[in-house]
Amino acid sequence: MIKIERIGSLRNQLGEGPLWDDELQCFFWIDSLNGEIWGLEKDDAFKRYIISEMIGSLAIIDDDTAILALKTGLYLFSFSTQSLNKIWDLKNNQIDLRLNDGKTDRHGNFIVGSMCMKDRRQPRAALYRINSELSVEVLEEDVIVTNGPCFSPNGSTFYFNDGRGRILAYDYDPKGPLKNKRIFFDGSKHGTSSDGATVALDGNIWTALTGSHEIGCISPSGDLITRIPMPVKLPSSVMFGGTSLNELFVTSISNSGNRVSREHLAGSLFKTV
């Protein structure tokens, strides 16, 4: 039986963006609303880096550098100097948009999307791909909120949640457009909705089922095969980590700016045992 345990005693407002870096043997995540990067090292020591604005996601480039998706654009960030260098601006005349969730593909491209912060009646956000030369292209424009981007083990299928309570799947080419768009998982059919997600080595998709206070496992065919209750109402995202990549870390929310959870453990970091 899978059990959930809390890690440490910290509480984030908008815990998000979990990321395991195998070379550094370090687990990273963010407090999006507070503009903070957190790190949990192998000796269970916590590190915190304070950023100047809201952060949606990050990707590690090397032992000192990360690419950050901040509210206004993409930045290179130095952990040692804690300096930011903007590399791409989210150009729009709508203050309601910001960058949100992102992941890297097997070829080092960073896939990241924007989100509508308050008004979510129309799909005004988009999904982008940034390559190693820092060139940016639009992959999908029919987006309300970008959540849970992730890839099948061989990298040929791309999944993400477009803010409509569903996970989409596409055929993925690291140098070409997204193709064969289809609905992979419809949360409404299971009385829930999904948020952040990751893919296990067996091809199963693990996701935070925020709509039902659970984490779930979805088979490659789109069947919800496992539901694990969480001790908080708003789990936000999941990521495998640890030396054997067999621990599932779970972030959570106490205040997203739109939703508030006043539980004692809300905003905590968890993992499976």
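Parameters and conventions
Residues numbered from 1 in each chain as written. Predicted model: local features only at pLDDT ≥ 70, side-chain atom pairs only at ≥ 80, totals over all residues. Heavy atoms only, no water. 1 Å grid on protein atoms, 1.4 Å probe; cavity = no way out; pocket = protein on both sides within 12 Å on 5 of 7 lines; lining within 4 Å. Points joined across faces, edges and corners; volume = space filled by probe spheres on them. Helix = DSSP H or I, 4+ residues; strand = E, 2+ residues; numbered from the N terminus. Salt bridge = Lys/Arg side-chain N within 4 Å of Asp/Glu carboxyl O. Buried < 20%, exposed > 50% of the residue type's maximum accessible area, 1.4 Å probe, protein only. Nonpolar A, V, L, I, M, F, W, Y, C, P; charged D, E, K, R; others polar. Core = buried A, V, L, I, M, F, W, Y, C linked by side-chain atoms within 4.5 Å. Contact = heavy atoms within 4.5 Å. Patch = residues over 30% accessible without salt bridge, like charges linked within 9 Å, V, L, I, M, F, W, Y side chains within 5 Å. Areas by Shrake-Rupley, 256 points an atom, 1.4 Å probe, with all protein chains shown as cover. Lys, Arg positive; Asp, Glu negative; His and termini not counted. Charge placed at Lys NZ, Arg CZ, Asp CG, Glu CD. Phe/Tyr/Trp six-rings, centres within 6.5 Å; stacked < 30°, edge-to-face > 60°.

Participant: Before we move on, could you go through empty space enclosed by the protein and cite the residues and values that matter?
Facilitator: Within this structure, the stated rule accounts for one cavity of 30 Å³ or more. In this structure, the largest cavity encloses a volume near 80 Å³. Taken together, Gly-17, Pro-18, Leu-19, Ser-57, Leu-58, Ala-59, Asp-101, Gly-102, Lys-103, Thr-104, Phe-110 and Ser-237 make up the full set of residues lining the largest cavity. Elements that contribute at least two residues to the lining of the largest cavity include exactly strand 2 (15-21), strand 6 (55-60) and strand 10 (97-104).

Participant: Outline the pattern of salt bridges, supporting the account with residue identities and numerical values.
Facilitator: Applying the stated rule across the entire model yields 14 salt bridges. Of the charged contacts, one joins Asp-96 and Arg-124 as a salt bridge, the two residues approaching to 3.0 Å between their closest N and O atoms. Of this pair, Asp-96 sits in the loop between strand 9 (84-89) and strand 10 while Arg-124 sits in the loop between strand 11 (110-116) and strand 12 (125-130), placing them 28 residues apart in sequence. Among the salt bridges present, the one from Arg-129 reaches Glu-137, with a minimum N-O distance of 2.9 Å. We classify Arg-129 as buried; its relative accessible area is 1%. In this structure Glu-137 comes out as partly exposed when scored by relative accessible area, which is 35%. Salt bridges sharing partners connect three or more residues here, namely Glu-140, Asp-142, Asp-162, Arg-164, Arg-166 and Lys-181.

Participant: So what's going on with the layout of surface pockets? Residues and values would help.
Facilitator: Looking at the largest pocket, its volume works out to about 1000 Å³. Around the largest pocket sit 28 residues that line it, and Leu-19, Trp-20, Thr-104, Thr-198 and Met-239 are the ones nearest its centre. Of the residues forming the lining of the largest pocket, the biggest block, three residues, is contributed by strand 2. In terms of residue class, the lining of the largest pocket is made up of 15 nonpolar, five polar and eight charged. The computed volume of the second largest pocket comes to approximately 500 Å³. Along the wall of the second largest pocket there are 26 residues; nearest its centre are Arg-120, Val-145, Asn-147, Asp-195 and Arg-259.

Participant: Go over the nonpolar core, please, and point to the residues and values.
Facilitator: Counting 16 residues, the largest nonpolar core has Phe-28, Ile-37, Leu-58, Ile-60, Leu-68, Phe-77 and Phe-79 as its most contacted members. Elements represented by at least two residues in this core include exactly strand 3 (26-31), strand 6, strand 7 (65-70) and strand 8 (73-78). Beyond its immediate stretch of four places on either side in the chain, Phe-28 contacts Gly-17, Pro-18, Leu-19, Asp-21, Ile-37, Trp-38, Gly-39, Ile-60 and Phe-79. Grouped together as the second largest cluster of nonpolar side chains are 14 residues, Phe-151, Phe-160, Tyr-172 and Leu-178 included.

Participant: Now, about a negative patch on the surface: what can you tell me, with residues and values included?
Facilitator: A cluster of acidic residues, Asp-22, Glu-23, Asp-62 and Asp-63, forms a negative patch at the surface. Relative to the helices and strands, Asp-62 is located in the loop between strand 6 and strand 7. Residue classification places Asp-62 among the partly exposed positions, given a relative accessible area of 36%.

Participant: So what about the packing of aromatic side chains? Which residues, and what values?
Facilitator: A full pass over the atoms with the stated rule returns 18 aromatic pairs. Look at Phe-158 and Phe-160: their rings are 5.8 Å apart centre to centre, the planes differ by 20°, and that puts the pair in the stacked class. Phe-158 sits in the buried class, given a relative accessible area of 0%. Among the aromatic residues, those joined into a ring-pair cluster are Phe-27, Trp-29, Trp-38, Phe-46 and Phe-249.

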